[in-house]
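Residue-level listing of the chains:
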Amino acid sequence: MPNEETDISMYQHSMHYLTENQFEQYEISNFCKKDHQCLHNLHYWELEPYYAFGPSAHGYDGSKRYWNVKNLDKYFSLISDGNLPLDNEERLTDINRFNELIFNGLRLSKGIPIKQLTQYLDGNVQDILEPKIHKWSGLDICNGHLLLKGNSILLADEIATDLFLD
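Residues numbered from 1 in each chain as written. Predicted model: local features only at pLDDT ≥ 70, side-chain atom pairs only at ≥ 80, totals over all residues. Heavy atoms only, no water.

(A) Representation of the nonpolar core in the model. Of all hydrophobic cores here, the largest spans 27 residues; its most connected members are F98, I102, L106, L117, L139, L146 and L163. Broken down by secondary-structure element, the contributors of at least two residues to this core are helix 4 (94-105), helix 5 (114-118), helix 6 (125-135), strand 8 (145-148) and helix 7 (156-163). Examining the composition of this core, we find that 4 residues originate from one element, helix 7, more than from any other. Excluding residues within four positions of it along the chain, F98 makes contact with L117, Y120, L121, V125, L163 and L165. (Core = buried A, V, L, I, M, F, W, Y, C linked by side-chain atoms within 4.5 Å. Buried < 20%, exposed > 50% of the residue type's maximum accessible area, 1.4 Å probe, protein only. Helix = DSSP H or I, 4+ residues; strand = E, 2+ residues; numbered from the N terminus. Contact = heavy atoms within 4.5 Å.)

(B) Structural detail: the sheet that holds strand 4 (residues 64-68). With respect to topology, 3 strands assemble into an open sheet ordered 3-4-5, the strand pairing being antiparallel. Lying at the two open borders of the sheet, with one neighbouring strand each, are strand 3 (58-60) and strand 5 (86-91). Strand-to-strand twist in this sheet, taken as the mean axis angle between neighbours without regard to direction, amounts to 20°. (Pairing = 2+ DSSP bridges. Axes fitted to C-alpha atoms, helices over the stretch in contact; angles between N-to-C directions.)

(C) How the structure looks around the packing of aromatic side chains. Under the definition given, this model contains 6 aromatic pairs. On the basis of an interplanar angle of 90° and a centroid distance of 4.5 Å, the ring pair of Y44 and Y50 is categorised as edge-to-face. Relative to Y60, the ring of Y50 lies with its centre 6.3 Å away and its plane at 40°, an arrangement referred to as tilted. On the criterion of sequence distance, the pair formed by Y50 in the loop between helix 2 (39-45) and strand 3 and Y60 in strand 3 is long-range, its members being 10 residues apart. Given a relative accessible area of 18%, Y50 falls into the buried group. (Phe/Tyr/Trp six-rings, centres within 6.5 Å; stacked < 30°, edge-to-face > 60°.)

In structure tokens:
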């Protein structure tokens, strides 16, 4: 693996090159031609429901995440017997959903709708966000979205972790 300085330089070069060639950055590590974002991945990042098809596949129904059995033979056997091929599931709390929106949504260039974050809080979201916005240069609220600007995307994971609720 390259050292951190080389890694950052390569990332910034890639960003510049892709932007100069009419690609839009819509997520930290994803670029596209205009209006050609990967809608499949956006469902994960925006915490929207998705189905699980196939062995080991994961799904999310808005309140629980579930995953299918890994073994192909067991998968087909369960389906043949008229059963769902579920291995397990986990119910997400409002804190889980808030933290996942923060972690995934800060990766998006458009950020996270503040209104969506408020769904998972009893208190005022501004009380949580304001101190962090002052702490992190590049963390901002624009047009009702919490987002990262400029080189702050290089610290996205660290900033997201700092915003997590306990």
